[in-house]
Amino acid sequence: MRRSARLATKPMAASAQISSVSVSAADKSGKITKTKSKSKTKINSKAKPKLVDIPDSIATEIPMPLTIVSVPRPEINTNLPIGTQQALDQAVAYLKATDPKLGKFIDTVSEPCSLSLSRDRKGHSGYVSLSQSIIYQQLAGKAAAAILLRFLKRYGQLKDASKAAMLEQDDASLVYDDFVFPSPDRVVALDVNEMREVGLGQRKAEYLKEVAKRFSDGVLSDQKLAEMTDEEVSRSLVSIRGVGQWTADMFLMFHLKRPDVLPTLDLAVRKAMCHHFGVRFSKNTPTHEEMVEMSRHWVPYRSVATWYMWRLMGTMTQKN
């Protein structure tokens, strides 16, 4: 019989009647035979409790004491505009209170938390942000920035018309901020082979046209995206060819400024969370479900916690 738990038996009163329970070793069916003793046995009431094994079927029916550690959660002002510094400060204070270990690490980070990307600009539409994310997919930052600039020089519009001559001369002083990203209608009409001349791969060129078509047709818009839940945004974006869950998560975090996003497919986040929570990292662990469970006390600020996991991963890399 497999044993799963051990219980302490309390000393019985003196002169108590004892019933013994025996199991036949030859009886593999698990039947229990009770044999009542005819004699009374005196038991020392001061005897120490004995440990006896009990089977799973019985153990599961016995209420076991649970120790629940509750962490006080600070009150949250839900009226703070998402993405503002005040909202971020509130998120940081919340995380420090609910995860003291993370709080100690936060105190060592000199850089203030910011859910913004260097290429993002105030007023950028969801279309521009998503298109740029596709250009940056699986590329080093500098290489992606160079391709993006070439794309803008060829298909974008100069903000200052007086710099047209500089554009014709391919003046190196022209930068990203000198251009307006081409409209969805413009990109939909582009030739894929021509787009490849600025450094885009065949598939990326096709993906950009797919994104542009969704916004051109009105299937997606900034208003529609703003009104969607996180799950609805994810479903809408991953239905576009070339947009995966990781890209959708980044869009939620950095463009829509959603505060409670956990990118479970991000390798750096997975490694950092394993380090933080003392969990073994492997190709298959932690799973999505395990990461969600580990991060439950970060809710509703898992986006901010993720930002600090990236910083933690940076310190881990430096040490190695």
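Residues numbered from 1 in each chain as written. Predicted model: local features only at pLDDT ≥ 70, side-chain atom pairs only at ≥ 80, totals over all residues. Heavy atoms only, no water.

**Structural notes on the overall build of the protein**
In terms of regular secondary structure, the protein is built from 15 helices and six strands. The 320 residues of the protein split such that 36% are buried. Here the contacts in the protein between residues at least 6 apart in sequence split such that 64% fall between residues at least 24 apart. In the form shown here, the protein has an accessible surface area of approximately 19,900 Å², with 54% of it arising from carbon and sulfur atoms. (Helix = DSSP H or I, 4+ residues; strand = E, 2+ residues; numbered from the N terminus. Buried < 20%, exposed > 50% of the residue type's maximum accessible area, 1.4 Å probe, protein only. Contact = heavy atoms within 4.5 Å. Areas by Shrake-Rupley, 256 points an atom, 1.4 Å probe, with all protein chains shown as cover.)

**Overview of the packing of aromatic side chains**
What the rule picks out here adds up to eight aromatic pairs. Relative to W310, the ring of F254 lies with its centre 6.0 Å away and its plane at 15°, an arrangement referred to as stacked. With F254 in helix 12 (residues 245-255) and W310 in helix 15 (residues 302-319), this pair connects stretches of sequence that are 56 residues apart. An identical accessibility class is assigned to F254 and W310; each is buried. Between the aromatic rings of F277 and W298, the centroid separation amounts to 5.5 Å while the plane-to-plane angle is 40°, which identifies the pairing as tilted. With a gap of 21 residues between them, F277 in helix 13 (residues 267-277) and W298 in the loop between helix 14 (288-294) and helix 15 connect regions that are remote in the sequence. Exposure remark for W298: the relative accessible area of 0% places this residue in the buried category. One residue, R119, lies across the ring of Y136, its end atom 4.1 Å from the ring centre. (Phe/Tyr/Trp six-rings, centres within 6.5 Å; stacked < 30°, edge-to-face > 60°. Lys NZ or Arg CZ within 6 Å of the ring centre and 35° of its normal.)

**Considering helix 12**
The buried fraction of helix 12 amounts to eight of the 11 residues, a majority that puts the element mostly inside the structure. Buried within helix 12 we find T247, A248, D249, M250, F251, L252, M253 and F254. K257 occupies a position one or two residues after helix 12 and carries a positive phi of about 60°.

**A word on the pattern of salt bridges**
One side chain can pair with another of opposite charge once the charged atoms of both are near each other. All chains considered together, the criterion is met by 11 salt bridges. As a salt-bridge pair, R311 and E111 come within 3.4 Å of each other at their nearest N and O atoms. Of this pair, R311 sits in helix 15 while E111 sits in the loop between helix 3 (100-106) and helix 4 (126-136); the two residues are 200 residues apart in sequence, bridging distant segments of the chain. Assessed through its relative accessible area of 41%, E111 is described here as partly exposed. Linked by salt bridges that have partners in common, E206, E210 and R241 make up one network. (Salt bridge = Lys/Arg side-chain N within 4 Å of Asp/Glu carboxyl O.)

**Notes on helix 11 (residues 230-238)**
An α-helix turns once every 3.6 residues. As a result, residues three or four positions apart point the same way. Where helix 11 is concerned, the buried positions are V233, S234, S236 and L237. Within helix 11, the buried residues cover an arc of 165° as seen down the axis, which keeps them to one side. Residues E231 and R235 are exposed on helix 11 and point more than 90 degrees away from its buried face. At its buried positions, helix 11 is contacted by helix 4, helix 9 (202-216), helix 10 (222-227) and helix 12. (Arc of directions from axis to C-beta.)

**Observations concerning the side chain of R302**
Structurally, R302 can be placed in helix 15. Every residue in contact with R302, bar those within four places of it in the chain, is listed here: P259, D260, V261, L262, V292 and S295.

**Side note on unusual backbone geometry**
Note the cis peptide between T285 and P286, where omega equals 0°. Mapped onto the elements of the fold, P286 is located in the loop between helix 13 and helix 14. Here V299 and P300 are connected by a cis peptide whose omega angle stands at 10°. Looking at where P300 falls in the secondary structure, it is placed in the loop between helix 14 and helix 15. Even without a glycine there, the phi angle at K257 is positive, about 60°.

**A short note on the confidence of the model for the protein**
Any region with low pLDDT has predicted coordinates that should not be read closely. Considering every residue of the protein, the mean pLDDT works out to 81; 77% of them sit at 70 or more. Ignoring residues within four places in sequence, the model shows residues 47-69, a span with pLDDT below 50, making 31 contacts including any to other chains. (pLDDT = per-residue confidence, 0-100.)

**A word on the environment of M309**
Among the structural elements, M309 can be located in helix 15. M309 sits in the buried class, given a relative accessible area of 0%. M309 sits 36 residues away from M273 along the chain, and the two C-alpha atoms are 6.7 Å apart. Contact partners of M309, with chain neighbours within four places excluded, come to L102, A272, M273, H276 and W298.

**Re the nonpolar core**
The biggest cluster of nonpolar side chains holds 72 residues, and the ones touching the most others in it are L102, F151, L237 and Y308. With nine residues, the single largest contributor to this core is helix 15. Aside from chain neighbours lying at most four places away, what touches L237 is L130, L220, V243, A248 and F251. (Core = buried A, V, L, I, M, F, W, Y, C linked by side-chain atoms within 4.5 Å.)

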